[in-house]
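Residue-level structural notes
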Amino acid sequence: MIHNMSVGDVSVCANCGKEGTNDNMNTCNKCKVTTYCNAVCKKVHKKKHKKDCEEYVRLATEKHDEELKLAAELHDEELFKDPPPQYGDCPICFLRIPTLKSGRIYMTCCGKLICGGCFHAPVYDHQGNEVDIEKQNECPFCRNVAPKSIKKVVETLKKRVEAEDPIAIHNLGESTIEMGHTVFHKI
């Protein structure tokens, strides 16, 4: 077992037990723990110290490797931790909804926020042919036909507000109703 008998700046030779200051003592080149009063004591004690020295170095290396691994894991955890998406994912294509207003649409019929690509997708079918106008006015998520009058849009928004939909509350609050005219602001 490695014993470095030192008290403050005073060290004890592992071979003969002679005391000396840390500045005057020789240290094992491998483990850097065991001290000797001179090179002769170091050479004489080498056979006895070899097994303990190797064990100490092995344990120190394992501890160092474990600390490096833990540090790397913590670094990776912080590095790859994405901030939560502001608007979540599109419920149709599962891509992240853009933060730009022009890239997302709120559907009053079902209360879903979808990406602009999915909103405009019903214009063409799988072969690239234009879909009829009635199908183009359907919600891509719930397939309800979009209301044609502003009065119907406001009614639908009020239903979504009753369901405590935060985007509907925002849209209804942002809308201005004056003399039968409603202006909606996209969020």
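Residues numbered from 1 in each chain as written. Predicted model: local features only at pLDDT ≥ 70, side-chain atom pairs only at ≥ 80, totals over all residues. Heavy atoms only, no water.

Counting 14 residues, the largest nonpolar core has C90, Y106, M107, L113 and I114 as the members making the most contacts within it. Only strand 6 (104-107), strand 7 (112-115) and helix 6 (166-174) provide two or more residues apiece to this core. Setting aside anything within four residues of it in sequence, one finds Y106 in contact with G111, K112, L113, L157, R160, D165, I167, A168 and N171. (Core = buried A, V, L, I, M, F, W, Y, C linked by side-chain atoms within 4.5 Å. Buried < 20%, exposed > 50% of the residue type's maximum accessible area, 1.4 Å probe, protein only. Helix = DSSP H or I, 4+ residues; strand = E, 2+ residues; numbered from the N terminus. Contact = heavy atoms within 4.5 Å.)

Another aspect to go through is the side chain of D165. With respect to the element layout, D165 can be found in the loop between helix 5 (150-162) and helix 6. The exposure class of D165 is buried, given its relative accessible area of 7%. Among the polar contacts made by the side chain of D165, one reaches the main-chain amide nitrogen of I167 at a distance of 3.2 Å. (Polar contact = N/O pair within 3.5 Å; in protein donor to acceptor, adjacent residues only side chain to side chain.)

If you add up the space inside the second largest pocket, you get close to 190 Å³. What lines the second largest pocket is simply C28, N29, K30, Y36, K42, H45, K46, H49, K50, C53 and E54. If you tally residues by element for the lining of the second largest pocket, the top one is helix 2 (residues 46-79), at five residues. Grouping the constituent residues of the lining of the second largest pocket by class yields three nonpolar, three polar and five charged. (1 Å grid on protein atoms, 1.4 Å probe; cavity = no way out; pocket = protein on both sides within 12 Å on 5 of 7 lines; lining within 4 Å. Points joined across faces, edges and corners; volume = space filled by probe spheres on them. Nonpolar A, V, L, I, M, F, W, Y, C, P; charged D, E, K, R; others polar.)

Among the residues of helix 6, I167, A168 and N171 are the ones counted as buried. Relative to the axis of helix 6, the buried residues are bounded by an arc of 100° and lie together on one face. Turned more than 90 degrees away from the buried face of helix 6, the exposed residues are P166 and G173. The backbone nitrogen of I167 has a side-chain oxygen 3.2 Å away, supplied by the residue at the start of helix 6, namely D165. (Arc of directions from axis to C-beta.)

So, on to the confidence of the model for the protein. Interpreting fine coordinate detail is not advised for predicted regions of low pLDDT. In the predicted model, the protein carries a mean pLDDT of 80, and 86% of its residues have values of at least 70. Within the protein, the element-level pLDDT minimum falls on strand 9 (residues 181-183), averaging 47, and the maximum on strand 7, averaging 90. Counting interchain partners and residues more than four positions distant, the pLDDT-below-50 stretch residues 178-183 has nine contacts. (pLDDT = per-residue confidence, 0-100.)

Of note in the backbone geometry, K32 takes a positive phi value of approximately 60° without being a glycine. Looking at where K32 falls in the secondary structure, it is placed in the loop between strand 4 (26-27) and strand 5 (35-36). Although it is not a glycine, R143 adopts a positive phi angle of roughly 65°. Relative to the helices and strands, R143 is located in the loop between helix 4 (133-136) and helix 5.

Here we come to the side chain of E138. By the secondary structure assignment, E138 is in the loop between helix 4 and helix 5. Those residues in contact with E138, other than ones at most four positions away along the chain, are R143, N144 and V145.

Below, the discussion takes up the environment of G20. In this fold, G20 is placed in strand 3 (residues 19-21). A residue is classified by how much of its surface remains accessible, and G20, at 17% relative accessible area, is buried. Considering only alpha carbons, one finds G20 and V10, 10 residues apart in sequence, at a separation of 5.5 Å.

As a further point, take the pairing of strand 6. Burial of strand 6 is two-sided: the residues R104 and Y106 facing one way and the residues I105 and M107 facing the other way are all buried. Inspection of the sheet shows strand 6 paired to strand 7 by four bridges, in the antiparallel sense. Each bridged residue has a counterpart across the sheet, and for M107 the counterpart in strand 7 is K112. Joining the antiparallel neighbours strand 6 and strand 7 is a turn of four residues, in which G111 adopts a positive phi near 75°. (Pairing = 2+ DSSP bridges.)

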